[in-house]
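Coordinate inspection notes
So the chains spell out like this:
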Amino acid sequence: MEVGALVIIFALVVLFAFLGLGAWATVKAVGAAKRGVDRTITQARRTVEDTTLKAKSLGQVGVTAGLAQLRLDLRTSMRATQAALYQGVQADDSLKESIALFERLSRHGHELDDELKRLEQEPDRKRIAQRLPELRERTAKITESADSLRWAARDRARQFADEDLATLSAQIEVESSALRDWSRESVDDLAAAAAAWDAGQGQGPTAGGAGGGAADAPAQGRQQRPALDASGPAVGYPWQKAPRPEATS
């Protein structure tokens, strides 16, 4: 009975685990789908807004066209810089500091864009016309800073690419020169020549013993002489003491 109860409890635990895992997967899938939909809506809204700004800047004149052109210049510069920095940081970690600076610059850009958007609905066009020089100056400062970061990141990436290409070209030239040097003997030929030389050295003493006979006997006798001659005088070293004479009493 106890075994059956344990089996039922284990089955329930496994069932609840599968149900929990399925619920978690469902929540994750719904969240990913929601983020995808939000991203699509944001991109569509941005495209519509950019198209509207282009139409206003080209189809209208005066304050409305000026405000639309400022917003369009600001958004285009900031978006291009953001894409360049976030793509470049994947290969160059040093761009993280540049991204931090760009995030601070983005706050000023968003504030200016919101202000320009509010001024588009302002009915007092005369006052807006008086503020246009100041708005153009603020827009120019932000866009120039963004452009400076973007081009610096691109110049850095191009410099690294040029250095890598120069190193690769030098290595390829060395390898090409080595491949064209076909006058050198191959490794197999060198191995065969070494084996033939070893075989000739092994046959040399046998042939000499058959033809030399007694002529080689003195040489062999000299070769068999011990390396240390016990009858020779002992060699004295400066660190050895002189031998004491034996007592003759």
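Residues numbered from 1 in each chain as written. Predicted model: local features only at pLDDT ≥ 70, side-chain atom pairs only at ≥ 80, totals over all residues. Heavy atoms only, no water.

**Some words on the packing of helix H2 (residues 63–88) against helix H3 (residues 95–120)**
In plain terms, the rule: Axis geometry follows a simple rule: fit a line to the C-alpha atoms, using only the stretch in contact for helices, then measure angles between N-to-C directions, giving values from 0 to 180 degrees. Strands are runs of DSSP state E lasting at least two residues, helices are runs of H or I lasting at least four, and both sets are numbered from the N terminus onward. Angles are sorted into four bins: roughly parallel if under 35 degrees, roughly antiparallel if over 145, roughly perpendicular if 65 to 115, and oblique for all others. With the far helix as reference, a near helix turned anticlockwise by less than a right angle produces a left-handed crossing, and one turned clockwise produces a right-handed crossing. The residue classification treats Ala, Val, Leu, Ile, Met, Phe, Trp, Tyr, Cys and Pro as nonpolar and Asp, Glu, Lys and Arg as charged. All others, Gly included, are polar.
Two elements in contact, H2 and H3, have axes whose closest approach is 10 Å; the angle formed by their N-to-C orientations is 160°. Of the possible angle classes, the one that applies to H2 and H3 is roughly antiparallel. Both H2 and H3 take part in a crossing whose hand is left-handed. Taken together, the residues of the contact of H2 with H3 break down into 14 nonpolar, six polar and six charged.

**Some remarks on the packing of H3 against helix H4 (residues 125–180)**
Selection rule: The contact definition used throughout considers only heavy atoms, calling two residues in contact when any of these lie within 4.5 Å.
Interaxial distance between H3 and H4 falls to 10 Å at its minimum, and their mutual angle equals 160°. Comparing their axes, H4 and H3 come out roughly antiparallel. The way H3 lies across H4 gives a crossing that is left-handed. Judged by residue contacts, Leu95, Ser98, Phe102, Leu105, His108, Gly109, Leu112, Glu115, Leu116, Leu119 and Glu120 of H3 engage Arg125, Ile128, Arg131, Leu135, Arg138, Thr139, Ile142, Ser145, Ala146, Leu149 and Ala153 from H4. A breakdown of the residues in the contact of H3 with H4 according to their chemical character gives 12 nonpolar, five polar and five charged.

**As for the packing of aromatic side chains**
Quick note on the threshold: Aromatic contacts are taken between Phe, Tyr and Trp rings whose centres are within 6.5 Å, Trp giving its six-membered ring; a plane angle under 30 degrees counts as stacked, one over 60 as edge-to-face, and the others as tilted. Over a ring means this: the NZ of a Lys or the CZ of an Arg is within 6 Å of the ring centre and within 35 degrees of the ring normal.
This model, assessed by the stated rule, comprises zero aromatic pairs. Sitting over the face of the ring of Trp151, Arg154 holds its NZ or CZ atom 5.1 Å from the ring centroid.

**Quick look at a nonpolar patch on the surface**
Basically, it comes down to this: The patch calculation keeps residues exceeding 30% relative accessible area without a salt bridge and links them within 9 Å when they carry like charges or within 5 Å when they are nonpolar (Val, Leu, Ile, Met, Phe, Trp, Tyr). Shrake-Rupley sampling with a 1.4 Å probe provides the accessible areas, and residues are treated as covered by the protein chains on show and by no other component. Just to be clear on terms, a salt bridge is a Lys or Arg side-chain nitrogen sitting within 4 Å of an Asp or Glu carboxyl oxygen. Exposure categories follow from relative accessible area, calculated using a 1.4 Å probe and restricted to protein chains: below 20% of the type maximum is buried, above 50% is exposed, and the middle band is partly exposed.
Together, Ile8, Leu12, Leu15, Phe16 and Leu19 line one region of the surface with nonpolar side chains, adding up to about 510 Å² of accessible area. Take Phe16: it is sitting in helix H1 (residues 2–59). For Phe16, a relative accessible area of 55% gives the class exposed.

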